[in-house]
Amino acid sequence: NHVGFFQKLFPVFQKYVTKGYVSEELSGQRVAAVVADPDFNQSGAYYSWGNRQKEGREAFIQEVSNEAEDDAKAEKLWELSAKLVGLKTPALV
């Protein structure tokens, strides 16, 4: 089982290689803000804090690639993911 190894390695990789590590506490604060703060009122938006380790970093709406908005690719990904975990589910509509 590689889960334990991944749980230890991934945060180190995120912090020192991608510079994308965010603590559980900070992640929770950001989720709470997106849910409750009226500044985050745009439906369907993806919010980012850019360089995630800098204190006081302001959030902004992250543009999404055309691939991320491709419904056919999303359905294919869903079906493949379901198959990989043994989930029997009808195709997306």
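Only a predicted model underlies this, so the values are computations on that prediction, with no experimental measurement involved.

1. Some thoughts on the overall build of the chain
Logical step 1: Broken down by element type, the chain carries three helices and two strands.
Logical step 2: The order of α-helices and β-strands along the chain, N terminus first, is α-α-β-β-α.
Logical step 3: The buried share of the chain, reckoned over its 93 residues, is 10%.
Logical step 4: If you take every contact in the chain between residues at least 6 apart in sequence, the share linking residues at least 24 apart comes to 17%.
Logical step 5: A total of about 8,200 Å² of accessible surface is found on the chain, and carbon and sulfur atoms cover 57% of it.

2. Points about the side chain of Ser48
Logical step 1: Mapped onto the elements of the fold, Ser48 is located in strand S1 (residues 47-48).
Logical step 2: Apart from the residues lying within four places of it in its own chain, the contact partners of Ser48 are Glu58, Ala59, Phe60 and Gln62.

3. Quick word on the packing of aromatic side chains
The relative placement of two aromatic rings is captured by the distance of their centres and the angle of their planes.
Logical step 1: In this structure the tally under the stated criterion is three aromatic pairs.
Logical step 2: Centroid distance Phe40 to Tyr47: 4.8 Å. Interplanar angle 85°. Geometry classified as edge-to-face.
Logical step 3: A connected cluster of aromatic rings, assembled from ring pairs, spans Phe40, Tyr47 and Trp49.

4. Quick notes on the pattern of salt bridges
Logical step 1: Per the counting criterion, the structure on display carries one salt bridge.
Logical step 2: Residue Glu67 is joined to Lys73 by a salt bridge in which the shortest nitrogen-to-oxygen separation is 2.7 Å.
Logical step 3: By relative accessible area, which is 55% here, Glu67 ends up exposed.
Logical step 4: A relative accessible area of 41% places Lys73 in the partly exposed class.

5. A closer look at a nonpolar patch on the surface
Logical step 1: Taken together, the side chains of Phe6, Phe10, Val12, Phe13, Tyr16 and Val17 present a nonpolar region at the surface, about 610 Å² in accessible area.
Logical step 2: Examined against the element boundaries, Phe6 turns out to sit in helix H1 (residues 3-18).
Logical step 3: Note on Phe6: relative accessible area 47%, which makes it partly exposed.

6. Observations regarding the confidence of the model for the chain
Logical step 1: Averaged over every residue, the pLDDT of the chain is 84; residues scoring 70 or more account for 88%.
Logical step 2: No element of the chain has a lower mean pLDDT than H1, at 83, and none a higher one than helix H3 (residues 71-85), at 92.

7. A closer look at the side chain of Gln14
Logical step 1: With respect to the helices and strands, Gln14 occurs in helix H1.
Logical step 2: Residues in contact with Gln14, not counting those within four places in the same chain, are Lys19, Gly20 and Tyr21.

8. A word on H3
Logical step 1: If you check H3, its first and last C-alpha atoms are 21 Å apart, about what 15 residues at 1.5 Å a residue would give, namely 21 Å.
Logical step 2: The opening residue of H3 is Asp70, an N-cap whose side-chain oxygen sits 3.0 Å from the backbone nitrogen of Ala72.
Logical step 3: Trailing H3 by a residue or two, Gly86 shows a phi angle of about 75°, which is positive.

Quick notes on the rules
Residues numbered from 1 in each chain as written. Predicted model: local features only at pLDDT ≥ 70, side-chain atom pairs only at ≥ 80, totals over all residues. Heavy atoms only, no water. Helix = DSSP H or I, 4+ residues; strand = E, 2+ residues; numbered from the N terminus. Buried < 20%, exposed > 50% of the residue type's maximum accessible area, 1.4 Å probe, protein only. Contact = heavy atoms within 4.5 Å. Areas by Shrake-Rupley, 256 points an atom, 1.4 Å probe, with all protein chains shown as cover. Phe/Tyr/Trp six-rings, centres within 6.5 Å; stacked < 30°, edge-to-face > 60°. Salt bridge = Lys/Arg side-chain N within 4 Å of Asp/Glu carboxyl O. Patch = residues over 30% accessible without salt bridge, like charges linked within 9 Å, V, L, I, M, F, W, Y side chains within 5 Å. pLDDT = per-residue confidence, 0-100. Expected span 1.5 Å × (residues − 1). Polar contact = N/O pair within 3.5 Å; in protein donor to acceptor, adjacent residues only side chain to side chain.

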